[in-house]
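Secondary and tertiary structure notes
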Amino acid sequence: MKKKKICISIIFSICIMYLFHNCIFEDAIDDKITNITVRYNSSKPLYIKDTIHLKAIAENQYNEFFTIENNKWYGFDSTIVSVKNNIVTALSRGSIRIKTQFNGIESEEITLNILEREIVDTIPANIAINGKQIVTVGDTTSLKATVYNKTSSPIMNAKVIWVSLDTAKATINTKGLLMAKKRGQVSIRASSVTAPTIQSLFEIIITSDSINNRVDTVATFVSITGAKNTIEIGETLALSATALNSTQQIIANKPITWYSENPSIASVSSTGLVTGKTSGMVVIHAKASNYIANYTLAVLEQNRVPALDTIPVSITINGRQLIGGGDTTSLKATVYNRTSSTIMNAKVIWVSLDTAKATINTKGLLMAKKRGQVSIRASSVTAPTIQSLFEIIITSDSINNRVDTVATFVSITGAKNTIEIGETLALSATALNSTQQIIANKPITWYSENPSIASVSSTGLVTGKTSGMVVIHAKASNYIANYTLAVNAMPQSSVARVELSASKNFLTPQQTLSISAKVYNTAQTLLTDKTVIWKSSNNNIVSISSNGIVTAVSMGTANITGTVDGISSNNFKVNVISKLTRTASMNPVGHYAMGDISITQMNNDSLLITFHNNLNIDPALSIELHLSNSQTNISSAKLVSSLSNGRNVGPRTFTISNTLVDTYNYAVIWCRPANVRTGYSTMFQ
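In what follows, the accompanying structure is described. (Residues numbered from 1 in each chain as written. Predicted model: local features only at pLDDT ≥ 70, side-chain atom pairs only at ≥ 80, totals over all residues. Heavy atoms only, no water.)

Further remarks concern the overall build of the protein chain. Secondary structure assignment for the protein chain yields one helix and 68 strands. Residues counted as buried form 38% of the 685 residues belonging to the protein chain. Sequence separation of at least 24 residues holds for 56% of the intrachain contacts in the protein chain that already meet a minimum separation of 6. Split by element, the accessible area of the protein chain, about 36700 Å² in all, is 52% carbon and sulfur. (Helix = DSSP H or I, 4+ residues; strand = E, 2+ residues; numbered from the N terminus. Buried < 20%, exposed > 50% of the residue type's maximum accessible area, 1.4 Å probe, protein only. Contact = heavy atoms within 4.5 Å. Areas by Shrake-Rupley, 256 points an atom, 1.4 Å probe, with all protein chains shown as cover.)

Here's what the structure looks like:
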């Protein structure tokens, strides 16, 4: 019995010691935390109402990791985010810093940027029409219209109204299905349903290739067709050409000669396959008989939008819409590129679609001849398919006739279709009667369809209230005219340039470097709410994170670029070198040259060469210091400096540009008159 009690006592003591030891051990782990890191998903932007999970990971002195539970977060602005159970909820736009702590050890501080989701722009700015340009009498073909907003992005499910400007030659239904009826050329117009003044024309040639008629094989017209007007370096584009004779009949199997105006920018094969070579503008020609057709093409650097884009994508026409018979008025056409920027000095071709009512000269001066409505077309000289129509009503306000004061039409004029909150826009309205005569001093009633978005005064002054789309109405007699307007919450400034910078441009393997990007709009104002898409030209040399942190992977040189809204930055070159400083010892050849020399990498590809205190070089006539990859000659070496004829002792420093620390392996002292070396170094280490 006594032995049994002793055993039980021993077992009890052991259990107590085990529990006590574990408690002390666990406390020791907790008390000796060396680092706390914060992990979260940083691969995607954080928008208002989004949530993100933060996880605090602690590391102890034994390099063991464990997750901290029930910790509190602090240091953040509670009006921008809220935090509960390690879940961050974005409340408003802004930037916050947040961290946590455990057992008196603070974690790293992370930065979260909360963005507003971009509102999809559904205001039409231009229209592009695609389809067959040459069809035969009796054939049908489908045309497709793509409506773009001011950022040149397609507007999904945008509807257009199709109209044939010569129904005797061709008709077109509401779905864009065209029926060719009579040989000749016909213009097809597509107008935006929501913004009828946004229009585009598409020219179609209708042929009649009867097998009973002998086809003239002399080409008088050639049509070139391609999928697009922009390719990148190395990309190919297939072009096709169709030749017509003087009666607009297709010439089957007509030989086409292809050639490029500048093969260094883009070459073209005998079958019309274009290959981009270098960036620039180029014209591709297709020749049949003596007729030469042109196809203008832009070759861009890969993944780059040119800083100066001269490729037309839309045209706007401004001028008077109502004039009297016999009057003249000047119209102005503005040509825009795909970033909605004005193309300076861009030329257009003016055409009146009814010369019996009005004519227009090459400078846009219109002469009104006959009362009625007439369409004026402006086509880009460099891209003839880029066109715009402008409707003009010609009145005859004879003082001998009594003017009917009942309005049957009202025209609203405004400088633009977009304003910002708080901005005003003056609209004017003109009323016409049934004979298209202007009704002078006709009372106009103005009202807004949604005054909470934009209000309008009795004189037609519109004021933006909140963001959204709104229709402003002008009423005269029983006729109501509409003017569609977009009110933006803030300036929609387009990005003009992106500049990259960093504290240095060199790293050693595994080192990191933060790259900063400054984004400017066309007014040179700094934009702070833009997301940068980072890219490395060679991820095997340097990689870059979504936050602009560069990590050196292996030795070499790579370029970093940042792209914002399609606009790319300058190339920021990063050099990955073996080490910051390499040293070597000098050896004499004939003359006394002893001591140490080092080379140190500096910013912007410059190199610092240092003679140390123990360097001593015997006097010689005209001696030079070279960096070389050979200990015996300087045929491919770089001259650092000419040294004085007297004794050269350290310390001394020299700086050379466009040189990396790994470029050369030796230093060589060279006597110029004798053309021999007087000293050389061991290999830089």
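Moving on, we get to the environment of Ala-58. For Ala-58, the location among the structural elements is in strand β4 (residues 55–60). By relative accessible area, Ala-58 is classed as buried at 0%. Separated by 23 residues in the primary sequence, Ala-58 and Asn-35 have C-alpha atoms spaced 5.9 Å apart. When sequence neighbours within four positions are dropped, the list of residues in contact with Ala-58 reads Ile-33, Asn-35, Ile-36, Glu-64, Phe-65, Phe-66 and Ile-68.

Counting 24 residues, the largest nonpolar core has Ile-597, Ile-609, Phe-611, Leu-625 and Leu-627 as its most contacted members. Of all the secondary-structure elements, those providing two or more residues to this core are β59 (581–588), β60 (593–601), β61 (607–611), β63 (623–628), β66 (652–656) and β67 (666–671). Beyond its immediate chain neighbours, meaning those up to four positions away, Leu-627 contacts Ile-599, Leu-607, Ile-609, Ala-637, Lys-638, Val-640, Ile-656, Tyr-664, Tyr-666, Ala-667 and Phe-684. Ranked by size, the runner-up nonpolar core spans 22 residues in total, among them Leu-527, Ile-544, Phe-572 and Val-574. (Core = buried A, V, L, I, M, F, W, Y, C linked by side-chain atoms within 4.5 Å.)

This paragraph deals with the sheet that holds strand β44 (residues 454–456). Ordered in space as β41-β45-β44, the three strands form an open sheet in which the pairing is antiparallel. Only two strands of the sheet have a single partner each, and these edge strands are β41 (424–426) and β44. Sheet twist, expressed as the average angle between the axes of neighbouring strands with direction ignored, equals 20°. Relative to strand β45 (residues 461–464), β44 runs antiparallel, the two sharing three bridges. The residue of β45 that forms the bridge with Ala-454 is Gly-464. (Pairing = 2+ DSSP bridges. Axes fitted to C-alpha atoms, helices over the stretch in contact; angles between N-to-C directions.)

The subject of this paragraph is the pattern of salt bridges. Inspection of every chain in the model, using the stated rule, returns eight salt bridges. Of the charged contacts in the structure, one is a salt bridge between Arg-497 and Glu-499, with a shortest N-O distance of 2.0 Å. Arg-497 sits in the partly exposed class, given a relative accessible area of 29%. The class for Glu-499 is partly exposed, based on a relative accessible area of 36%. Across the pair Lys-530 and Asp-565 runs a salt bridge, and its minimum N-O distance is 2.9 Å. Within this pair, whereas Lys-530 is found in the loop between β52 (526–527) and β53 (533–536), its partner Asp-565 is found in the loop between β56 (556–564) and β57 (567–568), the two being separated by 35 residues in sequence. (Salt bridge = Lys/Arg side-chain N within 4 Å of Asp/Glu carboxyl O.)

Moving on, we come to the packing of aromatic side chains. All told, the structure shown has one aromatic pair when counted by the stated rule. Ring centres of Phe-611 and Phe-654 lie 5.6 Å apart, and the angle between their planes is 80°; this geometry places the pair in the edge-to-face category. Taken together, the positions of Phe-611 in strand β61 and Phe-654 in strand β66 put the pair 43 residues apart, joining distant regions of the chain. Neither Phe-611 nor Phe-654 differs from the other in exposure class; each is buried. (Phe/Tyr/Trp six-rings, centres within 6.5 Å; stacked < 30°, edge-to-face > 60°.)

With that settled, the discussion passes to unusual backbone geometry. Of note in this structure, Ser-289 is not a glycine but carries a positive phi near 55°. Along the polypeptide, Ser-289 turns up in the loop between β28 (280–288) and β29 (291–300).

Burial along strand β55 (residues 549–552) is one-sided: the residues Val-550 and Ala-552 are buried and none of Ile-549 and Thr-551 is. Note: strand β50 (residues 512–514) against β55, three bridges, orientation antiparallel. Along β55, the bridge assignment pairs Thr-512 with Thr-551. As paired elements, strand β54 (residues 542–544) and β55 share three bridges and run antiparallel to each other. Following the sheet pairing, Ser-543 is matched in β55 by Thr-551. Between β54 and β55, which pair antiparallel in sequence order, lie four residues; one of them, Gly-548, sits at a positive phi of approximately 85°.

The next thing to look at is the environment of Glu-391. Mapped onto the fold, Glu-391 is located in strand β38 (residues 387–395). Using a relative accessible area of 21% as the deciding quantity, one classes Glu-391 as partly exposed. Separated by 17 residues in sequence, Glu-391 and Val-374 place their C-alpha atoms 5.9 Å apart. In contact with Glu-391, not counting residues within four places along its chain, are Arg-189, Gln-321, Gln-373, Val-374 and Ser-375.

Moving on, we come to the sheet that holds strand β18 (residues 177–180). The pairing of strands in a sheet comes from backbone hydrogen bonds and takes either a parallel or an antiparallel form. Spatial ordering of the open sheet is given by β14-β18-β17, a layout of three strands whose pairing is antiparallel. Edge strands, defined here as strands with exactly one partner in the open sheet, are β14 (140–142) and β17 (170–172). The average undirected angle you get between the axes of adjacent strands in this sheet is 20°. Note: β14 against β18, three bridges, orientation antiparallel. Along β18, the bridge assignment pairs Thr-140 with Met-179.

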